[in-house]
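Structural overview for review
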Amino acid sequence: MPDSAAKKAWTAAHTTRIVMNLNHNTDADLLEKLAEVPSKQGYIKALIRADIERERRARSNMTRKQRQALDDFKALSDPQPSEK
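The structure displayed is predicted, hence computed values, not measured ones.

Looking at the overall build of the protein chain
A count of helices and strands for the protein chain gives four helices and zero strands. Order of helices (α) and strands (β) in the protein chain, N terminus to C terminus: α-α-α-α. Relative to the compact-globule value of 12 Å for 84 residues, the protein chain shows a C-alpha radius of gyration of 19 Å, a clear excess of over 25%. Each of the three principal axes of the protein chain carries a C-alpha extent, and together these read 55 × 35 × 25 Å. Buried residues in the protein chain amount to 4% of all 84 residues. Accessible area for the protein chain stands at about 8300 Å²; split by element, carbon and sulfur atoms hold 56% of it. Across the protein chain, the 16 positively charged side chains and the 12 negatively charged ones have centroids separated by 7 Å.

Structure representation (structure tokens):
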């Protein structure tokens, strides 16, 4: 049964779709691991949230000067948003 117009509108307004292409040769280890987990989405979200928490804890242990240096470095290394 196709999604209703209301569901399509809600999905468009409240979600973002992320797609990845994984190479069968160079990413075989990732594909193997993802095949083992019951929920690929749940597994990837858990990994990202654990990384966010690790970064938050590391940042909270930094001095103000260290945080500023990290922010400056990230600003230099982050790609500039493309103009549309």
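Alright, that's what it looks like, and here's the rest.
Quick word on the pattern of salt bridges
As enumerated under the stated definition, the model contains six salt bridges in all. Between Asp3 and Lys7 there is a salt bridge, and its shortest N-O distance comes to 3.8 Å. Since its relative accessible area comes to 46%, Lys7 is described here as partly exposed. A network of salt bridges, in which partner residues are shared, links Glu53, Arg56 and Arg57.

A word on the confidence of the model for the protein chain
For the protein chain, the mean per-residue pLDDT works out to 91, and 94% of the residues sit at or above 70. Per-element confidence in the protein chain is highest for helix 2 (residues 28-36), whose mean pLDDT is 98, and lowest for helix 4 (residues 64-77), whose mean pLDDT is 88.

Things to note about the environment of Leu47
Topologically, Leu47 is positioned in helix 3 (residues 40-60). Classification of Leu47 by relative accessible area gives partly exposed; the value is 47%. Sequence spacing of Leu47 and Val19 is 28 residues, and the spatial spacing of their C-alpha atoms is 17 Å.

What to know about the side chain of Asp27
By the element assignment, Asp27 lies in the loop between helix 1 (5-14) and helix 2. In this structure Asp27 is buried but unpaired, with Lys40 as the nearest side chain of opposite charge at 15 Å. A polar contact of 2.9 Å, which involves the side chain of Asp27, links it to the backbone nitrogen of Asn23. In this structure, Asp27 is in contact with Asn21 and Leu22, ignoring residues within four places of it in sequence.

The rules behind each value
Residues numbered from 1 in each chain as written. Predicted model: local features only at pLDDT ≥ 70, side-chain atom pairs only at ≥ 80, totals over all residues. Heavy atoms only, no water. Helix = DSSP H or I, 4+ residues; strand = E, 2+ residues; numbered from the N terminus. Rg over C-alpha atoms; globule rule 2.2 N^0.38 Å. Buried < 20%, exposed > 50% of the residue type's maximum accessible area, 1.4 Å probe, protein only. Areas by Shrake-Rupley, 256 points an atom, 1.4 Å probe, with all protein chains shown as cover. Lys, Arg positive; Asp, Glu negative; His and termini not counted. Charge placed at Lys NZ, Arg CZ, Asp CG, Glu CD. Salt bridge = Lys/Arg side-chain N within 4 Å of Asp/Glu carboxyl O. pLDDT = per-residue confidence, 0-100. Polar contact = N/O pair within 3.5 Å; in protein donor to acceptor, adjacent residues only side chain to side chain. Contact = heavy atoms within 4.5 Å.

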